[in-house]
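Tertiary structure, described
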Amino acid sequence: MTRVLIADDSAIVRAMLGQVIGDDSNFEIVGMAENGKYAVEMCLDLKPELVIMDINMPILNGIDAISQIMEKRPTAIVAFTTEDTAEIGYKCLDAGAIEVVQKPNLATMDRQKIQNFCKKLIVLADAYKKHNITSRKLRNIYYAQSITREIIKEKNQIHQEQNKSPYSILAIGASTGGPIAIQTLLRDLGPSFPLPIIITQHIDEMFDRQFAHWLSNTTGQTVTTAVDGATLMPGHVYIAPSGKHLKLQYKNHCEYVAELDDSEEVHFLKPAVDIMFSSCANIVGRKTIAVILTGMGQDGAAGMKEILDAGGYTIAESEKSCVIYGMPKAAVELDAVKRVEDLDAIGEVIRQVAGVPRG
């Protein structure tokens with residue numbers, strides 16, 4: 001049974017969330033806090049295994065509360081955001097939260113949605129116990145200090161390296177736990193990485209632009225939400241927007257362009273990693289490097305198999321470093337993976353495979 005602390009300044013939300021989670025036999029509600037200050041104090045006293053944290057709260061906001069909890073008693077924290085807090089929601093990840101999710105409309109959730117919501121909380125709490133992520137905040141502080149002086153130097157190397165690689169596209173797929181994993185990978189690749197990078201991350205509608213903005217600010221990469229018909233530029237990163245599949249087209253026999261597809265959901269998902277990977281297999285073929293990172297389910301496995309069969313290079317994140325070893329596991333079991341690596345090693349492996357090692 002997972003011990004849960006709920007922190008939200010709305011008494012109604014606390015009551016409804018407590019009822020939804022409390023009705024699940026996998027959880028025990030140990031406390032409810034009406035502001036961030038109380039959340040920190042109750043976390044120290046009650047020792048919950050999972051904290052559900054709102055962002056906008058009086059006295060001490062959610063971001064600062066997360067930071068203090070991670071310094072005093074590291075705990076699995078899921079941050080709730082609404083449309084007006086989505087832009088700052090990703091700062092919760094930098095502070096130490098394991099995941100940022102859209103605050104659910106508890107009044108309209110049906111039984112299946114409630115079960116899926118609770119299942120995700122259980123998986124995240126269990127995943128936190130297996131992984132040492134308490135040093136993330138220190139790594140982010142160090143990176144923020146070093147990123148500015150390195151970015152200009154590395155960006156100038158892109159045009160020198162872009163013609164050296166036998167590969168044309170790097171495609172990355174992720175789901176639960178993906179934002180931090182993608183942030184880590186883009187940082188490790190460095191701003192000078194010459195290939196266009198396309199990413200499908202399962203994401204709520206209000207988060208896609210903020211996700212791209214957060215990655216730009218914290219990785220040194222040029223990250224934007226993909227636009228239909230836009231030419232993919234070397235050294236740029238393109239995020240699939242919520243509600244659209246990201247595919248590729250080949251234009252004028254010399255450049256790749258983004259295509260946003262409004263077809264049906266795949267695995268109940270849109271965007272879907274399988275759609276993006278399958279497009280890469282068909283359009284880019286053996287010149288594709290594909291990476292599948294942490295996430296629940298099996299999205300991406302079939303598309304990654306297509307890339308491998310087309311002669312591309314495929315990499316899966318290891319169970320050891322995954323927050324959720326679901327999507328990578330499905331790809332491995334489908335024999336779609338050429339190489340399995342811990343997250344911290346994937347960036348350098350990609351550079352070696354692409355033929356653009358750091359100078």
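Not measured: the values here are computed from a predicted model.

Cut-offs applied
Residues numbered from 1 in each chain as written. Predicted model: local features only at pLDDT ≥ 70, side-chain atom pairs only at ≥ 80, totals over all residues. Heavy atoms only, no water. Pairing = 2+ DSSP bridges. Helix = DSSP H or I, 4+ residues; strand = E, 2+ residues; numbered from the N terminus. Axes fitted to C-alpha atoms, helices over the stretch in contact; angles between N-to-C directions. Contact = heavy atoms within 4.5 Å. Salt bridge = Lys/Arg side-chain N within 4 Å of Asp/Glu carboxyl O. Buried < 20%, exposed > 50% of the residue type's maximum accessible area, 1.4 Å probe, protein only. Right-handed = clockwise from strand over helix to strand, strands pointing away. Parallel < 35°, antiparallel > 145°, perpendicular 65-115°, else oblique. Left-handed = near helix turned anticlockwise from the far one by under 90°.

1. Structural notes on the sheet that holds strand S3 (residues 50-54)
- Strand order in this open sheet of five strands is S2-S1-S3-S4-S5, and the pairing throughout is parallel. Of all the strands in the sheet, the pair left with one neighbour each is strand S2 (27-33) and strand S5 (99-102). Mean inter-strand twist for the sheet, computed between neighbouring axes without regard to direction, equals 25°.
- Here helix H1 (residues 11-22) sits on the sheet and contacts strand S1 (2-7), S2, S3 and strand S4 (76-81); the angle it forms with S2, its principal contact strand, is near 170°.

2. Focus: the pattern of salt bridges
- Summed over all chains, the structure comprises eleven salt bridges.
- Ionic pairing is found between Asp 261 and Lys 247, a salt bridge with its closest N-O pair at 3.7 Å. Of this pair, Asp 261 sits in strand S11 (residues 255-261) while Lys 247 sits in strand S10 (residues 245-251), placing them 14 residues apart in sequence.
- Residue classification places Lys 247 among the partly exposed positions, given a relative accessible area of 24%.
- In this structure, Asp 309 engages Lys 305 in a salt bridge whose closest nitrogen and oxygen atoms are separated by 3.0 Å. Placement of the pair is Asp 309 and Lys 305 together in helix H12 (residues 301-309), with a separation of four residues, close to one helical turn.
- A relative accessible area of 57% places Asp 309 in the exposed class.
- Residue Lys 305 is classed as partly exposed on the basis of its relative accessible area of 23%.
- Residues joined in a network through salt bridges with shared partners are Asp 8, Asp 54 and Lys 103.

3. Considerations on the pairing of strand S12 (residues 288-292)
- Taking burial as the measure, the five residues of S12 include five buried ones, the bulk of the element.
- Sheet topology note: the strand S6 (residues 169-174)/S12 ladder contains five bridges and is parallel. Residue pairing for S12: Ile 172 is matched across the bridge by Val 291.
- As judged from the four bridges shared by S12 and strand S13 (residues 313-317), these two strands associate in the parallel manner. Residue pairing across strands places Ala 290 opposite Thr 314, the latter belonging to S13.
- Between S12 and its parallel partner S13, the chain crosses via H12, and the hand of that crossover is right-handed.

4. Description of the packing of helix H11 (residues 273-283) against H12
- Where H11 meets H12, the axes come as close as 7 Å, and the angle between the chain directions of the two elements is 10°. When the axis of H11 is compared with that of H12, the two are roughly parallel. As H11 runs across H12, the sense of the crossing is left-handed. Together, Asp 274, Phe 277, Ser 278, Cys 280, Ala 281 and Asn 282 of H11 and Ala 301, Ala 302, Gly 303, Met 304, Glu 306 and Ile 307 of H12 make up the contact between the two elements.

5. A closer look at the pairing of S13
- Counting buried residues along S13, five of its five residues qualify, which places the element largely inside the surrounding structure.
- Here S13 shows no split at all, with Tyr 313, Ile 315 and Glu 317 on one side and Thr 314 and Ala 316 on the other all buried.
- As paired elements, S13 and strand S14 (residues 339-341) share three bridges and run parallel to each other. Note on S14: the bridge partner recorded for Glu 317 is Glu 341.
- Note on the crossover from S13 through helix H13 (residues 327-333) to S14: the handedness is right-handed.

Take it as geometry only, folks, not as evidence of what the structure does.
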